[in-house]
Amino acid sequence: LLWHKSIDEHRKDLEDAFPNVTDSEDEHYWITGFYYTSEREPHVQVDRSLQFSKLAWDILTPKGYKMINGFDVTAAFSFDTAGQADGMHIVGPPMREIVTKIFHHLCN
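Conventions used here
- Residues numbered from 1 in each chain as written.
- Predicted model: local features only at pLDDT ≥ 70, side-chain atom pairs only at ≥ 80, totals over all residues.
- Heavy atoms only, no water.
- Helix = DSSP H or I, 4+ residues; strand = E, 2+ residues; numbered from the N terminus.
- Expected span 1.5 Å × (residues − 1).
- Buried < 20%, exposed > 50% of the residue type's maximum accessible area, 1.4 Å probe, protein only.
- Contact = heavy atoms within 4.5 Å.
- Axes fitted to C-alpha atoms, helices over the stretch in contact; angles between N-to-C directions.
- Parallel < 35°, antiparallel > 145°, perpendicular 65-115°, else oblique.
- Left-handed = near helix turned anticlockwise from the far one by under 90°.
- Nonpolar A, V, L, I, M, F, W, Y, C, P; charged D, E, K, R; others polar.
- Salt bridge = Lys/Arg side-chain N within 4 Å of Asp/Glu carboxyl O.

**Concerning helix H2 (residues 46–60)**
Given a rise of 1.5 Å per residue, 15 residues ought to cover 21 Å, and the 21 Å separating the end C-alpha atoms of H2 matches this to within 8%. Restricting attention to buried positions, one finds in H2 the residues Val 46, Arg 48, Ser 49, Phe 52, Ser 53, Leu 55, Ala 56, Ile 59 and Leu 60. Close packing links the buried residues of H2 with helix H1 (7–17), strand S1 (29–31) and helix H3 (70–77).

**Some words on the packing of H3 against helix H4 (residues 93–107)**
Taken N-terminus to C-terminus, the directions of H3 and H4 make an angle of 150°; their axes are 9 Å apart at the nearest point. On the basis of their axis angle, the class for H3 and H4 is roughly antiparallel. The handedness of the crossing between H3 and H4 is right-handed. Residue-level inspection shows Gly 70, Val 73, Thr 74 and Phe 77 of H3 in contact with H4, the latter providing Pro 93, Pro 94, Glu 97, Ile 98 and Lys 101. Broken down by class, the residue content of the contact of H3 with H4 amounts to 5 nonpolar, 2 polar and 2 charged.

**Observations concerning the pattern of salt bridges**
Across all of its chains, the model carries 5 salt bridges by this definition. When the shortest N-O distance is used, the salt bridge between Glu 27 and Lys 66 registers 2.6 Å. Residue Glu 27 is found in the loop between H1 and S1, and its partner Lys 66 is found in strand S2 (residues 66–68); the two are separated by 39 residues along the sequence. Residue Asp 58 is joined to Lys 54 by a salt bridge in which the shortest nitrogen-to-oxygen separation is 2.8 Å. With Asp 58 and Lys 54 both in helix H2, this residue pair falls 4 residues apart, about one helical turn.

**Quick look at the packing of H1 against H2**
Contact geometry of H1 with H2 gives a least axis separation of 10 Å together with a crossing angle of 25°. Viewed along their axes, H1 and H2 adopt a mutual orientation that is roughly parallel. When you trace H1 past H2, the crossing you get is right-handed. Residue-level inspection shows Ile 7, His 10, Arg 11, Leu 14 and Glu 15 of H1 in contact with H2, the latter providing Gln 51, Phe 52, Leu 55, Ala 56, Ile 59 and Leu 60. Of the residues contributing to the contact of H1 with H2, the split by class is 7 nonpolar, 2 polar and 2 charged.

If you want it as structure tokens, here you go:
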């Protein structure tokens, strides 16, 4: 999302592609943008990740979606867990922690 889409395209996708699930018996989640320690790509930046996440919060939360905070997890593990040691390809412990958070939500 960060790499290819404008904020307006992202807004439209969030509004159009995600139906209202407030009356659903199923759980619906979305994961925030990640913390990137590299800014080698013009559109993959921490501030842009926060902007996209804020927009998703504003649109998806009223529709009944629950947020999983991936930003803080990736910030906590930061650069040394980037799969290609470039600060952009987040793998390993942050991804495992995000999945653990999802299971914690499902088991409550």
